[in-house]
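Structure assessment
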Amino acid sequence: MNLVPLKLVTIVAESILEKKLVEEIKRLGAKGYTIVPARGEGSRGMRSLDWEGQNIRLETIVPEEVALRILARLQEAYFPHYAVIAYVENVWVARGEKYV
């Protein structure tokens, strides 16, 4: 089996940012993504679904250089203004050629 080393970028953000984040990651080189609803508590406390809307968890598998571009863009445009967190994990992907 041919496994390809790639990066899994996970972004947890306010749902109002979904469309804009999808446009950004695709523009920066992501070929696809997965989005699921997310909820929890962090440094800003627990979010109220009725008042603030729900969060999303956006995941994309990309080459390292794309992951770095995505993180740089988040740091520049989103972290200062929105409740957004992002992290990167190393993954080995079957059919990895679909992601590069």
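You'll find the structure just up there.
Since we're looking at a predicted model, the values are computed, not measured.

Remarks on the overall build of the protein chain
When helices and strands are counted, the protein chain shows 3 helices and 6 strands. Tracing the protein chain from N to C terminus, the helices and strands come up as β-α-β-β-β-α-β-α-β. With 100 residues in all, the protein chain has 32% of them scored as buried. Across the protein chain, the fraction of contacts at a sequence separation of at least 24, relative to all contacts at a separation of at least 6, is 78%. By element, 51% of the accessible surface of the protein chain is carried by carbon and sulfur atoms, the whole surface being about 6700 Å².

Details of helix α3 (residues 64-77)
Structural remark: α-helix, 3.6 residues per turn; residues separated by three or four positions point the same way. Compared with the 20 Å implied by 1.5 Å per residue over 14 residues, the 20 Å span of α3 between its first and last C-alpha is a close match. Considered for burial, the residues of α3 that qualify are Val66, Ala67, Ile70 and Leu74. The arc enclosing the buried residues of α3, seen along the axis, measures out at 105 degrees, which places them on a common side. Opposite the packed face of α3, turned more than 90 degrees from it, sit the exposed residues Leu68, Gln75 and Glu76. The inward-facing, buried residues of α3 contact β1 (3-14), α1 (18-27), β5 (55-62) and β6 (85-94).

With respect to α1
Within the span of α1, buried status applies to Leu21, Val22, Glu24 and Ile25. One side of α1 holds all its buried residues, which, seen down the axis, span an arc of 165 degrees. Counted as exposed and oriented over 90 degrees from the buried face of α1: Lys19 and Arg27. Structurally, α1 contributes buried residues whose contacts are with β1, β2 (34-38), β5 and α3. Looking at the residues trailing α1, positive phi occurs at glycine 29, about 120 degrees.

Examining the side chain of lysine 7
Inspection of the secondary structure puts lysine 7 in strand β1. A polar side-chain atom of lysine 7 sits 2.2 Å from a polar atom in the side chain of asparagine 90. Setting aside residues up to four positions removed in sequence, lysine 7 forms contacts with Thr60, Ile61, Val62, Pro63, Glu64, Ala67, Val88, Glu89, Asn90 and Val91.

Criteria and cut-off values
- Every residue gets a number counted from 1 within its own chain, in the order that chain's sequence is written.
- In keeping with the predicted nature of the model, local features appear solely for residues at pLDDT of at least 70, side-chain atom pairs appear and are counted solely at 80 or more, and the whole-chain, interface and lining totals rest on all residues.
- Processing note: side-chain calculations cover all non-hydrogen atoms of the structure and skip hydrogens and water entirely.
- Where helices and strands are cited, they refer to DSSP runs of H or I of at least four residues and of E of at least two residues respectively, numbered from the N terminus.
- The rule is simple: take the accessible area with a 1.4 Å probe, protein chains only, and divide by the maximum for that residue type; under 20% is buried, over 50% is exposed, in between is partly exposed.
- Here a residue-residue contact requires only that any non-hydrogen atoms of the pair lie within 4.5 Å.
- Residue burial considers only the protein chains on display, and all accessible areas are found by Shrake-Rupley using a 1.4 Å probe.
- A helix is expected to span 1.5 Å multiplied by its residue count minus one.
- By construction, the arc corresponds to the directions joining the helix axis to the C-beta atoms.
- Residues adjacent in sequence count toward polar contacts only when both atoms are side-chain atoms; beyond that, a polar contact is any pair of N or O atoms within 3.5 Å, and within protein one must be able to donate a hydrogen and the other to accept it.

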